[in-house]
Amino acid sequence: MSMTHSRALTDILIADLMIPSEKVAHVQINNPLEHALLVLVKSGYSAVPVLDASYKLVGTIGKTAILNQTLGMERFEIEKLSSIRVDEVMHRDIPSLAKEDPFLAGLKTVINYPFVCVADESGYFDGIVTRRTILKAVKRNIYTENVSQ
Ligand code: AMP
């Protein structure tokens, strides 16, 4: 049974919903785009977190940003993928949450993003919370409310 089962949404913390870092696919800031695209295609995700060498969160990178970089006048110049690094293309201006943040902070963020990264006060990556997880908690709450009426 889920930890969030039948709990009020206001009692749920980001930590309760988080996919922990060890289960999250990520790329490193110095990786070539070729490696990042490989991770994205193999995992099936449209974007993943980017971490530095000390596992601090620095941004996210997605398939669209990578493919845009290779877009030439008439074709995708795929050969460029090995010479451009992740830090040249990634999104740095991303929201992030802390494990102690309330459910509502997660709900607000996933309105505009399919997932949000979670980091500690020093910037070390803790995991992610996805729109799917947030919506499942809302659905569970609606069902529970209906049953108890
Ligand atoms: P979902 O809501 O499960 O479809 O996930 C939304 C997005 O969150 C995916 O497209 C990925 O960008 C990201 N995501 C979900 N799970 C993972 C994971 N285990 N590792 C890396 N990224 C993930």
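A brief report on the enclosed structure follows.

The rules behind these values
Residues numbered from 1 in each chain as written. Predicted model: local features only at pLDDT ≥ 70, side-chain atom pairs only at ≥ 80, totals over all residues. Helix = DSSP H or I, 4+ residues; strand = E, 2+ residues; numbered from the N terminus. Buried ≥ 20, exposed ≤ 12 C-beta atoms within 10 Å, placed from the backbone. Contact = placed C-beta atoms within 7 Å. Pairing = 2+ DSSP bridges. Near = placed C-beta within 6 Å. Nonpolar A, V, L, I, M, F, W, Y, C, P; charged D, E, K, R; others polar.

1. Quick look at the overall build of the chain
Then, in step 1: Scanning the chain from terminus to terminus reveals 5 helices and 7 strands.
Then, in step 2: In sequence order, the secondary structure elements of the chain are arranged as α-β-β-α-β-β-α-β-α-β-β-α.
Then, in step 3: Taken along the three principal axes of its C-alpha coordinates, the chain extends 60 × 35 × 25 Å.
Then, in step 4: A burial count over the chain gives 26% of its 149 residues as buried.
Then, in step 5: Sequence-distant contacts in the chain: of pairs separated by 6 or more residues, those separated by 24 or more amount to 56%.

2. Quick look at the pairing of strand β4 (residues 57–62)
Then, in step 1: The buried fraction of β4 is high, at 5 of 6 residues.
Then, in step 2: In terms of strand pairing, strand β3 (residues 47–51) meets β4 through 5 bridges, oriented antiparallel. What sits directly across from V48, in β4, is I61.
Then, in step 3: Connecting β3 to the next strand, β4, in antiparallel fashion are 5 residues, including Y55 with a positive phi near 70°.

3. Focus on the environment of G106
Then, in step 1: Relative to the elements of secondary structure, G106 occurs in helix α4 (residues 103–109).
Then, in step 2: Sequence spacing of G106 and I14 is 92 residues, and the spatial spacing of their C-alpha atoms is 6.8 Å.

4. Digging into unusual backbone geometry
Then, in step 1: Located in the positive-phi region is Y55, a residue other than glycine, with phi close to 70°.
Then, in step 2: Positionally, Y55 belongs in the loop between β3 and β4.

5. Let's talk about the sheet that holds strand β1 (residues 19–20)
Then, in step 1: Taken together, the 4 strands give an open sheet; going across it, the order is β1-β7-β6-β5, and neighbouring strands pair in mixed fashion. With one partner strand each, in any of the chains shown, β1 and β5 (96–97) form the two edges of the open sheet.
Then, in step 2: Pairing between β5 and strand β6 (residues 115–119): 2 bridges, direction parallel. What sits directly across from S96, in β6, is C117.

6. Here's the deal with the site of the ligand
Then, in step 1: What surrounds the ligand is a group of 14 residues, the closest being A25, Y45, F115, T130 and R132.
Then, in step 2: Contributing elements (two or more residues each) for the shell around the ligand: β3, β7 (125–130) and α5 (131–147).
Then, in step 3: By residue class, the composition of the shell around the ligand is 9 nonpolar, 2 polar and 3 charged.

Honestly, it's all geometry; don't read function into it.
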